[in-house]
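# Residue-level structural notes
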Amino acid sequence: MNVNASTAAPAKPLALVIGAGGGLGAALVQALSIPGEHGIDRVLALGRSTQPAIDYSDEASLENAAAWVAAQCDAEGAELRLLIVASGFLHGAAGQPERSWAQLDAEYLSEVFRINAIGPALVMKHFLPLLPRQGRCVAGFVSAKVGSIGDNALGGWYGYRAAKAALNQLVKTAAIELKRRNPQALCVALHPGTVDTALSKPFAKAGLKLRPPEVAAKELLAVLAGLEPQQSGTLVDYQGNTLPW
Ligand SMILES: NC(=O)c1ccc[n+]([C@@H]2O[C@H](COP(=O)([O-])OP(=O)(O)OC[C@H]3O[C@@H](n4cnc5c(N)ncnc54)[C@H](OP(=O)(O)O)[C@@H]3O)[C@@H](O)[C@H]2O)c1
């Protein structure tokens, strides 16, 4: 008998979805809640209306929520193996996506950057340290293909495009730091495709293929499950294709 072998039970794999109140976020939580699928023991859901709540204008709320997740892991003998950030903003009270530079507006730009880039950056600060230092773990930040500079052929949507491009750069940078902590860990930006949610509704044109959030969630989870560590720091779409920055 190896007396040095640990007798502790292996830690249970836990998933966390941030932005769980959105169309895609809720579908991700639902999919991850199906027992026996996705290799997850339990999924935690956080957003603006959960307890604890996450509010991107209040960094203390992120710090508090991260401490809560750490306490859940300790209490359950669990480890955070999957983190998905599904928050995002395209249109609302702060404004609409721009069709021309003439429509650039400081208030809308601030909001679009705050929710699509600054909030997820604060999530990195407070939640990436919760990922285990050994073994496979994945952090997926839902971005958008329109944030790809290399793919920008149409123009328009200045603020949303630029904020998602900023998110992509944050993901790339965090992936480099994360790899130093754990070579098996991944940090990726995700393009979910066009999904039938409140975010896309006003822009759904006839002929545009809108996929139900349940389908998009399933596809994204399958892509995340199949990623290799060397794909960390990339922008991947719902079909598993790597997109240009
Ligand atoms: N739908 C599409 O066709 C499409 C296409 C490409 C990329 N995306 C991206 O996919 C992600 C999910 O979007 P969705 O389609 O599910 O849209 P949605 O239904 O409008 O969900 C928006 C999400 O953003 C969060 N959010 C909104 N305002 C926030 C704020 N002020 N502070 C913190 N969180 C805020 C909400 O979280 P809580 O309500 O839980 O707080 C919610 O999860 C976004 O990153 C979006 O940019 C969507």
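Computed from a prediction, not measured in an experiment: that's the story for all the values here. (Residues numbered from 1 in each chain as written. Predicted model: local features only at pLDDT ≥ 70, side-chain atom pairs only at ≥ 80, totals over all residues.)

### Section: the overall build of the chain
Scanning the chain from terminus to terminus reveals five helices and seven strands. Starting at the N terminus and ending at the C terminus, the chain contains elements arranged as β-α-β-α-β-α-β-α-β-α-β-β. By the compact-globule yardstick of 18 Å for 245 residues, the chain fits well, its C-alpha radius of gyration being 18 Å. For the chain, the spread of C-alpha atoms along the three principal axes comes to 75 × 35 × 35 Å. Within the chain, the proportion of its 245 residues that are buried is 41%. A separation threshold of at least 6 residues defines the contact pool for the chain, and within that pool the share at least 24 residues apart is 70%. (Helix = DSSP H or I, 4+ residues; strand = E, 2+ residues; numbered from the N terminus. Rg over C-alpha atoms; globule rule 2.2 N^0.38 Å. Buried ≥ 20, exposed ≤ 12 C-beta atoms within 10 Å, placed from the backbone. Contact = placed C-beta atoms within 7 Å.)

### Regarding the environment of serine 100
In this structure, serine 100 sits in the loop between strand S3 (78-85) and helix H3 (106-127). Residues serine 100 and tryptophan 157 lie 57 residues apart in sequence; the distance between their C-alpha atoms is 8.1 Å.

### Looking at the site of the ligand
Among the 25 residues in the neighbourhood of the ligand, the closest are listed as Gly19, Gly21, Gly22, Gly47 and Gly88. Put simply, the parts of the chain that give the shell around the ligand at least two residues each are helix H1 (23-32) and H3. Among the elements that line the shell around the ligand, the one with the most residues is H1, at three residues. In terms of residue class, the shell around the ligand is made up of twelve nonpolar, twelve polar and one charged. (Near = placed C-beta within 6 Å. Nonpolar A, V, L, I, M, F, W, Y, C, P; charged D, E, K, R; others polar.)

### A few points about helix H5 (residues 213-226)
Over its 14 residues, H5 runs 20 Å from end to end, which matches the ideal 20 Å to within 8%, given 1.5 Å per residue. Residues of H5 that are buried include every one of Pro213, Ala216, Ala217, Leu220, Leu221, Val223 and Leu224, and no others. One face of H5 carries all of its buried residues, which in axial projection span an arc of 160°. Along its buried surface, H5 packs onto H1, strand S4 (137-142), strand S5 (185-191) and strand S6 (235-237). (Expected span 1.5 Å × (residues − 1). Arc of directions from axis to C-beta.)

### Quick notes on the pairing of S3
Burial of S3 is extensive: six of the eight residues sit out of reach of the surface. Pairing geometry for strand S1 (residues 12-18) and S3, over seven bridges, is parallel. Its bridge partner lying in S3, leucine 16 is registered against leucine 83. For S3 and S4, the ladder comprises four bridges, and the chain directions are parallel. Residue pairing for S4: isoleucine 84 is matched across the bridge by glycine 140. Between the parallel elements S3 and S4, the chain passes through H3 in a crossover that is right-handed. (Pairing = 2+ DSSP bridges. Right-handed = clockwise from strand over helix to strand, strands pointing away.)

### Here we look at H1
Along H1, nine of the ten residues are buried, which leaves the element largely enclosed by surrounding structure. By the burial criterion, the buried members of H1 are Gly23, Leu24, Gly25, Ala26, Ala27, Leu28, Val29, Ala31 and Leu32. Buried residues along H1 sit in contact with S1, strand S2 (42-46), S3, S4 and H5.

### Some details on the environment of aspartate 58
Relative to the assigned elements, aspartate 58 resides in the loop between S2 and helix H2 (59-76). Sequence spacing of aspartate 58 and isoleucine 84 is 26 residues, and the spatial spacing of their C-alpha atoms is 20 Å.

### Some words on the nonpolar core
Residues Leu16, Val17, Ile18, Leu28, Leu83, Val171 and Cys187 are the most contacted members of the largest nonpolar core, which totals 71 residues. With eight residues, helix H4 (residues 158-181) is the largest single contributor of residues to this core. Apart from residues no more than four positions distant in its own chain, valine 17 is found in contact with Gly25, Leu28, Val29, Leu32, Val43, Ala45, Ile84 and Ala86. (Core = buried A, V, L, I, M, F, W, Y, C linked by C-beta atoms within 7 Å.)

### Some thoughts on the sheet that holds S4
Read across the open sheet, the seven strands follow the order S2-S1-S3-S4-S5-S6-S7; overall the sheet is mixed. Of all the strands in the sheet, just S2 and strand S7 (242-243) have a single pairing partner and so form its edges. Pairing analysis gives five bridges linking S1 to S2, with the strands arranged parallel. Of the residues in S2, the one forming a bridge with alanine 15 is valine 43. Where H2 meets the sheet, its contacts fall on S1, S2 and S3, and the angle it forms with S3 comes to roughly 145°. (Axes fitted to C-alpha atoms, helices over the stretch in contact; angles between N-to-C directions.)

### Things to note about the packing of H3 against H4
Between H3 and H4, the shortest axis-to-axis distance is 8 Å and the interhelical angle comes to 15°. One element, H3, and the other, H4, form an angle in the roughly parallel class. Both H3 and H4 take part in a crossing whose hand is right-handed. Facing H3, whose interface residues are Tyr108, Leu109, Val112, Phe113, Asn116, Ala117, Pro120, Ala121 and Met124, H4 presents Gly159, Tyr160, Ala163, Lys164, Ala166, Leu167, Leu170 and Ala174. Class assignment for the residues of the contact of H3 with H4 results in 14 nonpolar, two polar and one charged. (Parallel < 35°, antiparallel > 145°, perpendicular 65-115°, else oblique. Left-handed = near helix turned anticlockwise from the far one by under 90°.)

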